[in-house]
Amino acid sequence: FPQGRETTWMPGFCALFLWCPAGVHIRYRLRVGNHWMAPDVDDYPSKMGHGHSNFCYLDAQWDRGSDSVTVGVQILELSAREDFAECLRVINQGPERVLLKVAEPLAHRGLDRVEWRIRNMP
């Protein structure tokens, strides 16, 4: 959210959230430009987003030379849990299955970091 969201109270700050499917447990760091947040640990009981409404002052992270902002996530630990029945629970400790399913176009095994470049900033 380059302009923040309804819960952003600091003027000029952006908001950044990581969305995951149900059953994911993840330790990660979010990035905008050169600003990295401290590692977060989140559980996703349902498909939802976790992150920060007041992430950083966006203008300071804008690369005017390329008219872009780099947005990224560093995945430090990832596991996924699926409940098939009351008596059967499968826990996958590897990131490959979750990342391939959620982000199939990436198709890189062992991926621990993803970055996006957003161009044409206002």
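Above: the structure in question.
Residues numbered from 1 in each chain as written. Predicted model: local features only at pLDDT ≥ 70, side-chain atom pairs only at ≥ 80, totals over all residues. Heavy atoms only, no water.

### Description of the pattern of salt bridges
Inclusion rule: Any Lys or Arg side-chain nitrogen found within 4 Å of a carboxyl oxygen on Asp or Glu counts as a salt bridge. Between buried and exposed lies partly exposed: a residue is buried under 20% and exposed over 50% of the maximum accessible area for its type, with that area taken using a 1.4 Å probe on protein chains only.
Within this structure, the stated rule accounts for 3 salt bridges. Between glutamate 6 and arginine 5 there is a salt bridge, and its shortest N-O distance comes to 3.2 Å. Under the relative-accessibility criterion, arginine 5 is labelled partly exposed at 28%. A salt bridge links aspartate 59 to arginine 64; its shortest N-O distance comes to 2.4 Å.

### Describing the packing of aromatic side chains
As a reminder, the rule being used: Each aromatic pair joins two rings of Phe, Tyr and Trp (for Trp, the six-membered one) with centres within 6.5 Å, and gets the label stacked for planes under 30 degrees apart, edge-to-face for over 60, and tilted for any other angle. Here a strand is any run of E in DSSP of at least two residues, a helix any run of H or I of at least four, and the numbering for each starts at the N terminus.
A full pass over the atoms with the stated rule returns 1 aromatic pair. Look at phenylalanine 13 and tyrosine 57: their rings are 6.2 Å apart centre to centre, the planes differ by 55 degrees, and that puts the pair in the tilted class. Residue phenylalanine 13 is found in strand β1 (residues 13–20), and its partner tyrosine 57 is found in strand β5 (residues 48–57); the two are separated by 44 residues along the sequence. On the accessibility criterion, tyrosine 57 (41% relative accessible area) is partly exposed.

### Regarding the nonpolar core
To keep it simple, the criterion reads: Buried Ala, Val, Leu, Ile, Met, Phe, Trp, Tyr and Cys residues form a nonpolar core when they are joined through side-chain atoms within 4.5 Å. By the convention used here, residues are in contact when the closest approach between their heavy atoms is within 4.5 Å.
The biggest cluster of nonpolar side chains holds 21 residues, and the ones touching the most others in it are Leu18, Ile26, Val32 and Phe55. Setting aside its immediate chain neighbours within four residues, valine 32 contacts Cys14, Leu16, Phe55, Cys56, Leu58, Gln61, Val69 and Thr70.

### Considerations on the environment of serine 66
What counts, and what does not: Within 3.5 Å is the distance limit for a polar contact, defined as a pair of N or O atoms, with the added protein rule that one can donate a hydrogen and the other accept it, and that residues adjacent in sequence qualify only through two side-chain atoms.
Turning to its location among the elements, serine 66 is positioned in the loop between β5 and β6 (68–85). Its relative accessible area of 26% is what places serine 66 among the partly exposed residues. With residues near it in sequence (within four places) discarded, serine 66 still touches Arg117 and Arg119. A polar side-chain atom of serine 66 sits 3.3 Å from a polar atom in the side chain of aspartate 63.

### Some remarks on the layout of surface pockets
For the record, the criterion: Points on a 1 Å grid over protein atoms alone make up a cavity when a 1.4 Å probe fits among them but cannot get out, and a pocket when they form an open set with protein on both sides within 12 Å along at least five of seven lines; lining residues each have an atom within 4 Å of a point. Grid points are joined across faces, edges and corners, and a volume is the space filled by probe spheres set on the points. Amino acid classes used here: Ala, Val, Leu, Ile, Met, Phe, Trp, Tyr, Cys and Pro are nonpolar; Asp, Glu, Lys and Arg are charged; the rest, including Gly, are polar.
The calculated volume of the second largest pocket comes to roughly 180 Å³. In this structure, the second largest pocket is lined by Phe1, Pro2, Cys14, Ala15, Leu16, Phe17, Val32, Leu58, Val69, Val71, Ile118 and Met121. Mapped onto the lining of the second largest pocket, the elements with two or more residues apiece are β1 and β6. Looking at the lining of the second largest pocket, the element that brings in the most residues is β1, giving 4 residues. Broken down by class, the residue content of the lining of the second largest pocket amounts to 12 nonpolar, no polar and no charged.

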